[in-house]
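Listed below, chain by chain, are the residues.
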Amino acid sequence: MVLKTQLFLVTFLVCQLTAFAQQDAWVYFTDKPNATASLSNPISILTQAAIDRKTNHSVAIDERDVPVHEPYITLIKASTGITYKAKSKWFNALHVRGSEADINSLMTTHNFINEIVFADSSLNARMESVQDKFQVESSLIDFTYGTTQNQVEMLNVDDLHIANYTGDGVVVAVIDAGFPNVNTMSGFERLRAAGNLKGGYDFVDRTDAVYTSTESQHGTQVLSTMVGFVQDQYVGTAPDATYYLFRTEDVASENPVEESYWLEAVERADSLGVQVINTSLGYKGYDNSNYSYTSAQLNGTTTYSSKGANIAFEKGLILINSAGNSGASGIATPADAAGVLTIAAVNGNGDYASFSSQGSAIQLTHKPDVAARGSGSYVINSSNTISQSNGTSFSSPILAGGVASLVQALPDATNAEIMAYVRESSSQYSNPDFFLGYGIPDFQMALTLGLRHQFAKQLEFEVFPNPVHSEFFIKFPYTVDSISISIHNVLGVLVYENQVESMQPVHTEAFSKGLYLLTIHIENQKSKTFKLIKE
């Protein structure tokens, strides 16, 4: 018996050392040879819904929207000792796994590689042992018959529902650990019958069969808080939104490849025209402690996923993320990113839930942002049973559903504006703390704030993109039909003059690079002047 035990320990250690000899790294490419052709025909790389969303919110389509060059991917896949795991068009990068030597050899073998960044940095401090991130949430409270009334009314989302703002027409992505039985259980029958379940993708197992994995029911429970429906018993916060489901979490291990899967899912969502993304996942400690993040690195700009989240914000997406269940140990990533709306947890009385991860001065923007019910939240599990569970994993989608309903009510608002309305409507907006952030939002107040602001915007002119490469647009107030414009260079020479209509392209290919003054002339009104930069 002793011999067998010793043999087992030796075998285990050898396997562990072998596993950690395989390094994870991000390989960044120098260029995208197909960028010019793709950008001249954006429908080849984005859906029409994505193009429309970007146009409506003045978000430029740029080289980051162009997919990674497939021949580069093929060459990396064929490289000795290299396993391809994920890709990012925004970073123009691949996540690979292999020995340190094999990964380093990529740089000398291929001239299209700009940089290689290993997940294991010698500067990284060793982190505390990895905990089960779902430990709090998988500990279900004994079922008590009830409805979602408290978690919905706490946010005044019911007032939006009464006004018929239920997320209808808003496209939502849920990025999580698994969605077993969503395609069959009656708790999602209303979603399926309406044609609002658009499928998704499993980035871990690389399959369209997103409902197949049974490793975790976490995603099923998360989704239920937004769109679950049981007549007279259960209603989610965005019951009429449209949903894509993406699995990026491998519950069997903790490895930074999950951040790469996550970013790949976010990019897929952006290409599909998704407006709101809920992520009830977070990363800090990994099985290989060399990969783990220090608390100082969770400042919102350092980790792979936080940098990706901030690009997603630039692209016009609304990212909503659970703060985490680590209490005073602090929030994880990508919840630390400035471009993310980070959600803390409260109980049914609106009091701070002790497990909810706290923000700190390390984050460059105040975290968490706001809070919703995450203690004793009502969910529907994969057995189609209504139960209660704990975790910011549920406060996040409860609030995300409210955001989807708000987006329906304010279709012309930008992602930054929606997030600002939510914060400004919250219970302690004037005195935020690191427990609940700005507090518990009031979505009826957020709608009122938004309507006032959107009306004021209707009286303004907007010029975009600026800086401009080849053409720009002018968005008019609804009271103006057409205008005349004049453009002068810095020497005062008139270089362009014309009459234009709202959203009509103004071509600048013939302009030299530099600063110009654009003057808008409106009949019987004072002219307006904008600085215009030609790149």
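Now for a quick tour of the structure. Since we're looking at a predicted model, the values are computed, not measured. (Residues numbered from 1 in each chain as written. Predicted model: local features only at pLDDT ≥ 70, side-chain atom pairs only at ≥ 80, totals over all residues. Heavy atoms only, no water.)

## Considering the overall build of the protein chain
Assigned secondary structure in the protein chain consists of 14 helices and 22 strands. Over its C-alpha trace the protein chain gives a radius of gyration of 25 Å, about what one expects of a compact globule, namely 24 Å for 535 residues. Counting only C-alpha atoms and orienting by the principal axes, one finds that the protein chain spans roughly 95 × 65 × 45 Å. When contacts within the protein chain are restricted to residue pairs at least 6 apart in sequence, long-range pairs at least 24 apart make up 73% of them. In the structure as shown, the protein chain presents an accessible area of about 22600 Å², 52% of it carried by carbon and sulfur atoms. Positive and negative side-chain charges in the protein chain, numbering 32 and 54 respectively, have mean positions lying 3 Å apart. (Helix = DSSP H or I, 4+ residues; strand = E, 2+ residues; numbered from the N terminus. Rg over C-alpha atoms; globule rule 2.2 N^0.38 Å. Contact = heavy atoms within 4.5 Å. Areas by Shrake-Rupley, 256 points an atom, 1.4 Å probe, with all protein chains shown as cover. Lys, Arg positive; Asp, Glu negative; His and termini not counted. Charge placed at Lys NZ, Arg CZ, Asp CG, Glu CD.)

## Here we look at the sheet that holds strand 19 (residues 494-501)
Pairing is antiparallel in the open sheet, where 4 strands are placed in the order 19-18-21-22. A single partner strand is all that each edge strand has here, and the edge strands are strand 19 and strand 22 (528-534). For this sheet, the mean inter-axis angle between neighbouring strands, taken without regard to orientation, is 25°. As paired elements, strand 18 (residues 482-489) and strand 19 share 7 bridges and run antiparallel to each other. Counted as the bridge partner of Ile483 is Val500 from strand 19. (Pairing = 2+ DSSP bridges. Axes fitted to C-alpha atoms, helices over the stretch in contact; angles between N-to-C directions.)

## A few points about the nonpolar core
Tyr243, Leu245 and Val403 are the most contacted members of the largest nonpolar core, which totals 60 residues. With 9 residues, helix 12 (residues 392-409) is the largest single contributor of residues to this core. If sequence neighbours within four positions are ignored, Val403 has contacts with Val276, Ile318, Ile320, Leu341, Ile418, Val422 and Phe443. Phe91, Val204, Phe246 and Ile311 belong to the second-largest nonpolar core, a separate cluster that totals 38 residues. (Core = buried A, V, L, I, M, F, W, Y, C linked by side-chain atoms within 4.5 Å. Buried < 20%, exposed > 50% of the residue type's maximum accessible area, 1.4 Å probe, protein only.)

## Details of unusual backbone geometry
Where the residue is not glycine, phi is negative for most of them; where a peptide bond is considered, it is trans in most cases. Looking along the chain, the bond that leaves Thr333 and enters Pro334 is cis, with omega of 10°. Examined against the element boundaries, Pro334 turns out to sit in the loop between strand 11 (318-322) and strand 12 (340-346). In this structure, the amide linkage connecting Asn466 to the following residue, Pro467, adopts the cis form with an omega of 15°. Residue placement: Pro467 occurs in the loop between strand 16 (462-464) and strand 17 (471-475).

## Considering helix 12
Between its first and last C-alpha atoms helix 12 spans 26 Å; for 18 residues at 1.5 Å apiece the expected length is 26 Å, and the two agree. When you tally the buried positions in helix 12, you get 18 out of 18 residues, the bulk of the element. (Expected span 1.5 Å × (residues − 1).)

## Section: the sheet that holds strand 11
If you walk across this open sheet you meet the 7 strands as 6-9-5-10-11-12-13, and the pairing is parallel. Of all strands in the sheet, those bounded by a partner on one side alone are strand 6 (197-202) and strand 13 (370-373). Each adjacent strand pair in this sheet contributes to an overall mean axis angle of 25°, direction not counted. In terms of strand pairing, strand 12 meets strand 13 through 4 bridges, oriented parallel. Its bridge partner being in strand 13, Ala345 is matched across the sheet by Ala372.

## What about helix 10 (residues 257-271)?
Between its first and last C-alpha, helix 10 extends 21 Å over 15 residues, near the 21 Å set by a 1.5 Å rise per residue. Counting buried positions along helix 10 yields 14 of 15 residues, so the element is predominantly enclosed. Where helix 10 terminates, the next one or two residues include Gly273, which has phi positive at roughly 85°.

## Side note on the side chain of Thr342
Its location among the elements puts Thr342 in strand 12. Among the polar contacts made by the side chain of Thr342, one reaches the main-chain carbonyl oxygen of Ala335 at a distance of 2.6 Å. For Thr342, the side chain forms a polar contact with the side chain of Lys367, separated by 3.1 Å. The contacts of Thr342, once residues within four sequence positions are left out, are Asn321, Ala323, Ala335, Lys367, Pro368, Asp369 and Val370. (Polar contact = N/O pair within 3.5 Å; in protein donor to acceptor, adjacent residues only side chain to side chain.)

## A short note on the packing of helix 9 (residues 218-227) against helix 12
Axis angle and axis distance: for two packed helices, these are the angle between their axes and the distance between the axes, and together they describe the pair. Taken N-terminus to C-terminus, the directions of helix 9 and helix 12 make an angle of 35°; their axes are 7 Å apart at the nearest point. As for the relative orientation of helix 9 and helix 12, their crossing is right-handed in sense. Seen from helix 9, the contacting residues are His218, Gln221, Val222, Thr225 and Met226; seen from helix 12, they are Ser393, Phe394, Pro397, Ile398, Ala400 and Gly401. Partitioning the contact of helix 9 with helix 12 into residue classes produces 6 nonpolar, 5 polar and no charged. (Left-handed = near helix turned anticlockwise from the far one by under 90°. Nonpolar A, V, L, I, M, F, W, Y, C, P; charged D, E, K, R; others polar.)

## Some words on the packing of aromatic side chains
In the structure shown here, the tally under the stated rule is 17 aromatic pairs. Taking 6.1 Å as the distance between ring centres and 65° as the angle between the ring planes, the aromatic pair formed by Tyr286 and Tyr293 counts as edge-to-face. Residue Tyr286 shares its accessibility class with Tyr293, and that shared class is buried. For the pair Tyr429 and Tyr438, a centre-to-centre distance of 5.4 Å together with 40° between the ring planes defines the contact as tilted. The rings of Trp26, Tyr28, Phe91 and Tyr304 are connected pair by pair, giving a single aromatic cluster. Its guanidinium or amino end placed over the ring of Phe229, Arg190 lies 5.0 Å from that ring's centre, counting from NZ or CZ. The side chain of Arg268 reaches across the aromatic face of Tyr201, ending 4.8 Å from its centre. (Phe/Tyr/Trp six-rings, centres within 6.5 Å; stacked < 30°, edge-to-face > 60°. Lys NZ or Arg CZ within 6 Å of the ring centre and 35° of its normal.)

## Some remarks on the pairing of strand 10 (residues 276-279)
Across the two faces of strand 10 the burial is the same, with Val276 and Asn278 and Ile277 and Thr279 all buried. Inspection of the sheet shows strand 5 (residues 171-176) paired to strand 10 by 4 bridges, in the parallel sense. Within strand 10, the residue paired with Ile175 across the bridge is Thr279. Bridge analysis of strand 10 against strand 11 gives 4 bridges, and the strand direction is parallel.

## As for the environment of Ser292
Tracing the backbone through its elements, the reader meets Ser292 in the loop between strand 10 and helix 11 (304-314). The spacing of Ser292 and Asn255 is 37 residues in sequence and 8.9 Å in space, taken between C-alpha atoms. Looking at Ser292, its side chain comes within polar contact range of the main-chain nitrogen of Tyr286, at 2.8 Å.

## A closer look at a nonpolar patch on the surface
Together, Val490, Leu491, Val493, Val495, Leu515 and Ile533 give the surface a local cluster of nonpolar side chains, amounting to about 540 Å² of exposed area. By the element assignment, Val493 lies in the loop between strand 18 and strand 19. In this structure Val493 comes out as partly exposed when scored by relative accessible area, which is 43%. (Patch = residues over 30% accessible without salt bridge, like charges linked within 9 Å, V, L, I, M, F, W, Y side chains within 5 Å. Salt bridge = Lys/Arg side-chain N within 4 Å of Asp/Glu carboxyl O.)

Read these as layout, nothing more, since geometry by itself doesn't imply function.
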